[in-house]
Amino acid sequence: MIQRHGPNEHGRDFIVGDIHGQLALLNDRLSAVDFDRQRDRLFSVGDLIDRGADSLQCLSLALEPWFYAVRGNHEMLAHDALLGEERGSLKTRDAWMINGGTWALEAGLAEAQMMLQQALPCMPYAREIAVAGKRLGIVHAEPPADWRDVVTPSQDLLWGRTRIRRGNETPVSGIDAVVVGHTIVERPLWLGNVHYIDTGAFTTGRLTLIEARSLMSSVE
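Right, let's walk through the structure included here. (Residues numbered from 1 in each chain as written. Predicted model: local features only at pLDDT ≥ 70, side-chain atom pairs only at ≥ 80, totals over all residues. Heavy atoms only, no water.)

## Focus: the pattern of salt bridges
Where charged atoms of side chains with opposite charge meet at close range, the side chains can pair. Applying the stated rule across the entire model yields seven salt bridges. Measuring nitrogen to oxygen at the nearest pair gives 3.6 Å for the salt bridge that ties arginine 4 to glutamate 128. Here glutamate 128 lies in strand S5 (residues 126–131) and arginine 4 lies in strand S1 (residues 2–5), a separation of 124 residues in the sequence. With relative accessibility at 54%, the residue arginine 4 sits in the exposed group. The class for glutamate 128 is buried, based on a relative accessible area of 8%. Between aspartate 40 and arginine 12 there is a salt bridge, and its shortest N-O distance comes to 2.8 Å. In this pair, aspartate 40 is assigned in the loop between helix H1 (23–32) and strand S3 (41–44) and arginine 12 in the loop between S1 and strand S2 (13–16), connecting sequence segments 28 residues apart. Given the relative accessible area of 5%, aspartate 40 is considered buried. Accessibility expressed as a relative area gives 26% for arginine 12, which makes it partly exposed. A network of salt bridges, in which partner residues are shared, links Arg4, Glu128 and Arg135. (Salt bridge = Lys/Arg side-chain N within 4 Å of Asp/Glu carboxyl O. Helix = DSSP H or I, 4+ residues; strand = E, 2+ residues; numbered from the N terminus. Buried < 20%, exposed > 50% of the residue type's maximum accessible area, 1.4 Å probe, protein only.)

This is the structure we're talking about:
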């Protein structure tokens, strides 16, 4: 459910919003900060795939030693369609295709299935990073009210939007800050100690990339 990471003693840590197959955008953003794949680490809030033509290549990033993603709802839609108990059914396949899974038809369903099988074990539901003496959590959609409960499976981790719909600024306890994606915002937004960074790359062309240390400097 969760993977924890110690501080990066040799480079910088970055967090990126929902990529959705926009590989060129990601590479542009990494180039802009002189990302060093030997020293720096890139953490992702999930949704590497769907709606973008380079989804297969983006999914393969989960296998890179410098890239650390949590799983998003789109990875789970693909899982249900290709690997789940109802795989191959019209219900699961249509749900995925409607939500942007058509890239897999061009890439090849067998190729997509194989890559998904390799990538998903590298994509836990949550990550926690030690940054500047503080603890930074990452989930795709919505964290629990108490970070200690992140080890309990919940659809909210993948699909939840209650906090942002209600404008709930109650801090998540047991963690200094949490970064999430899933819900598109015009610009990165704080609600309590939860930071929303999905700026809709597949429609807006804006892919948010933030440095973890800079983010945590604004956390009390």
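## A closer look at the packing of aromatic side chains
For any two aromatic rings, the description comes down to two numbers: the centre-to-centre distance and the angle of the planes. According to the stated counting rule, one finds five aromatic pairs in the structure shown. Summarising the aromatic geometry, the rings of tryptophan 96 and tryptophan 103 are spaced 6.0 Å apart at their centres and angled 85° between planes, so their arrangement reads as edge-to-face. Assessed through its relative accessible area of 0%, tryptophan 96 is described here as buried. For tryptophan 103, a relative accessible area of 8% puts it in the buried group. An aromatic cluster of three or more residues is present, and its members are Phe14, Phe35, Trp66 and Phe67. Against the face of tryptophan 66 rests arginine 37, its NZ or CZ located 4.8 Å from the ring centre. (Phe/Tyr/Trp six-rings, centres within 6.5 Å; stacked < 30°, edge-to-face > 60°. Lys NZ or Arg CZ within 6 Å of the ring centre and 35° of its normal.)

Limitation: the analysis is restricted to geometry and does not speak to function.
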